[in-house]
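# Structural overview for review
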Amino acid sequence: MRLTQRVLNIGTETSFEVLALARELERQGKNIVHLEIGEPDFDTPAHIKEAAKAALDRGETHYTTALASLPVRHAVAEFAGRQRGVEISPDEIMLLPGGKPAILMTCLSLLEAGDEAIIPVPAYPIYESAVRFVGAKPALIPLREENDFRFEVKDLAAAITPHTRLLILNSPHNPCGSILTREDLVAVAELAKKHDLMVLSDEIYAQVIYDGLKSFSIMSLDGMKERTILLDGFSKAYAMTGWRLGFTVAPKILIERFAKLAINIYSCISVFNQDAALAAVRGPQDSVKEMVAEFQRRRDFIHQALNNIRGVVCRKPSGAFYIFPNVKSFGKSSKELMQYLLNEAGVACLHGTAFGQAGEGYLRFSYANSMDKLEEGMRRVKTALERI
Ligand code: PLP
């Protein structure tokens, strides 16, 4: 069989590979603390589950439109717009099976072969994979640890060429837990307007943010709504990773193309998911607040625990549920350290290079796990690392 160069080029998410290694050790009887997985350990709020069950019981089991029904788009547009201080009309929004499809849909719609997309790195690996998949070139700019894992606007300006079409932003950030400030985004918006760039703004962790901070969207800045593709969804804030339910907000002409892509690939989201989305945006938000408060408690714990390990230095994340300690002092590659911690300490984490070469020298721990597991995990990590 001859495979196309296109599918041979496609990347993946290494977290699933580390999970498979950890599961194999568990099968052999080893006890593993899972700090590799990027999903909340909480259950989906009951009122959301009830709404989906009721939809099924009413017989909502048939095709729906590619964008999702008008009342649902209305409600989600109103919700997403209120959070960001922008008006979003129902023809500028589309529900998706997870937030993720917005990445490939954007690249398929905006990038020709040879075009360039700027990605601050380390980064969620699907960005680079999607850019390469469509034959475009990633232009990588560094997130600087000394700058709380934000990029320097001058690095961004220097990376722009006549071929640049797209800039990919992610705030709060996976894997670094950093957030872009309003000032950062004002400067980025000026560059986007000056060089006629589109911006894919991945805000999937917008509600998972700490210390009373509020996520700020580039979309809300003057002249940026028409340049922004927003990626958001229910996976993280409502503990709904397995439902596959997200959305994108983009200019109408792009949403029309995304709808055609959907019709060619999967037709529409599962219809009872629409009622779940309505319940999530219209229902009580207490569970989100409680979950975020718990994540903040865990963040405080793991930040201190990691900094108490000899040889580890670690910034305090402001959002998402990941922490990205610097482990360069151990003189091993981050992949070797990941394997060492998995085999010797029974702790699964991700090597920084799962997020590209720029992640060398770092590990990513997810603190979307119980306090008991985090305490046990950190005890094991400290003992194992201090033995090196
Ligand atoms: N964007 C980032 C930065 C993520 O970390 C993830 C999931 O881990 C996604 C997008 C995809 O979210 P979803 O599960 O809703 O497709």
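Scroll up for the structure.
Here the structure is a predicted model, which is why all the values come from computation and not from measurement. (Residues numbered from 1 in each chain as written. Predicted model: local features only at pLDDT ≥ 70, side-chain atom pairs only at ≥ 80, totals over all residues. Heavy atoms only, no water.)

Before going further, it helps to examine the overall build of the chain. Each helix and strand in the chain was counted, giving 13 helices and 13 strands. Of all intrachain contacts in the chain linking residues separated by at least 6 positions in sequence, the fraction that spans at least 24 positions is 74%. Of the roughly 16800 Å² that the chain leaves accessible, carbon and sulfur atoms contribute 52%. (Helix = DSSP H or I, 4+ residues; strand = E, 2+ residues; numbered from the N terminus. Contact = heavy atoms within 4.5 Å. Areas by Shrake-Rupley, 256 points an atom, 1.4 Å probe, with all protein chains shown as cover.)

A few words now on the sheet that holds strand E6 (residues 164-170). Taken in spatial order, the eight strands make up an open sheet running E2-E9-E8-E7-E6-E3-E4-E5, and their pairing is mixed. Whereas interior strands pair on both sides, the edge strands pair on one side only; in this sheet they are strand E2 (93-96) and strand E5 (150-151). The pairing of strand E4 (residues 137-144) with E5 spans two bridges and is antiparallel. Residue pairing in the sheet places Arg-144 in a bridge with Arg-150 of E5. Set on the sheet, helix H8 (residues 182-194) makes contact with E5, E6 and strand E7 (198-202); between it and E6 the angle comes to about 165 degrees. (Pairing = 2+ DSSP bridges. Axes fitted to C-alpha atoms, helices over the stretch in contact; angles between N-to-C directions.)

Opposite charge on two side chains permits them to pair, given that their charged atoms come into close proximity. Counted under the stated rule, the structure contains 27 salt bridges. As a salt-bridge pair, Arg-58 and Asp-275 come within 2.9 Å of each other at their nearest N and O atoms. Of this pair, Arg-58 sits in the loop between helix H3 (46-57) and helix H4 (70-84) while Asp-275 sits in helix H10 (residues 271-282), and the two are 217 residues apart along the sequence. The exposure class of Arg-58 is exposed, given its relative accessible area of 52%. (Salt bridge = Lys/Arg side-chain N within 4 Å of Asp/Glu carboxyl O. Buried < 20%, exposed > 50% of the residue type's maximum accessible area, 1.4 Å probe, protein only.)

Turning our attention to the state of the cysteines. Enumeration according to the criterion identifies zero disulfides in this entry. Just so you know, Cys-176 is unpaired, no disulfide at all, and the nearest cysteine sulfur is the one on Cys-314, 11 Å from it. (Disulfide = S-S within 2.5 Å.)

Turning our attention to the site of the ligand. Within the structure, the ligand sits among 13 residues, and Asp-202, Tyr-205, Ser-235, Lys-236 and Arg-244 are positioned closest to it. Ser-235 has a polar side-chain atom sitting 2.6 Å from an oxygen atom of the ligand. Surface burial for the ligand is 94%, taken as the share of its 390 Å² of free accessible area covered by protein chains. In terms of residue class, the shell around the ligand is built from four nonpolar, five polar and four charged. (Near = heavy atom within 4 Å. Polar contact = N/O pair within 3.5 Å; in protein donor to acceptor, adjacent residues only side chain to side chain. Nonpolar A, V, L, I, M, F, W, Y, C, P; charged D, E, K, R; others polar.)

It is worth spelling out the sheet that holds strand E12 (residues 350-351) at this point. In space, the three strands of this open sheet follow the order E10-E13-E12, with antiparallel pairing throughout. Because the sheet does not close on itself, it has two edges, and the strands there are strand E10 (322-323) and E12. Where E12 and strand E13 (residues 363-366) come together, two bridges link them in antiparallel fashion. By the bridge assignment for E13, His-351 is matched with Leu-363.

Turning next to the side chain of Thr-64. With respect to the secondary-structure elements, Thr-64 resides in the loop between H3 and H4. Dropping the residues within four chain positions of it, Thr-64 is found in contact with Ser-69, Cys-268, Ile-269, Val-271 and Gln-274.

On E2, burial covers both faces: Ile-93 and Leu-95 on one face and Met-94 and Leu-96 on the other are all buried. Judged from the four bridges that link them, E2 and strand E9 (residues 246-249) form a sheet pairing that is antiparallel. Residue pairing across strands places Leu-96 opposite Gly-246, the latter belonging to E9.

With that settled, the discussion passes to H8. In this model H8 runs 18 Å from its N-terminal to its C-terminal C-alpha over 13 residues, within 8% of the 18 Å that 1.5 Å per residue would give. When we look at burial in H8, the residues that qualify are Asp-184, Leu-185, Val-188, Ala-189, Leu-191 and Ala-192. The buried residues of H8 occupy one face: seen down the axis, they fall within an arc of 165 degrees. Counted as exposed and oriented over 90 degrees from the buried face of H8: Glu-183 and Lys-194. Next to the buried residues of H8 lie E5, helix H7 (153-159), E6 and E7. Asp-196 sits one or two residues past H8 and shows a positive phi near 55 degrees. (Expected span 1.5 Å × (residues − 1). Arc of directions from axis to C-beta.)

This part covers the packing of aromatic side chains. Under the counting rule described, the total for this entry stands at eleven aromatic pairs. A ring pair is formed by Tyr-205 and Phe-321, whose centres lie 5.5 Å apart and whose planes are at 90 degrees; its orientation type is edge-to-face. Separated by 116 residues along the polypeptide, Tyr-205 in the loop between E7 and strand E8 (228-233) and Phe-321 in the loop between helix H11 (286-307) and E10 bring together distant segments of the chain. Plain terms: the ring middles of Phe-234 and Tyr-238 are 5.7 Å apart, the flat faces sit at 50 degrees to each other, and that makes the pair tilted. The same class applies to Phe-234 as to Tyr-238, namely buried. Among the aromatic side chains, those forming a connected cluster through ring pairs are Phe-42, Tyr-205, Phe-295, Phe-321 and Tyr-322. (Phe/Tyr/Trp six-rings, centres within 6.5 Å; stacked < 30°, edge-to-face > 60°.)

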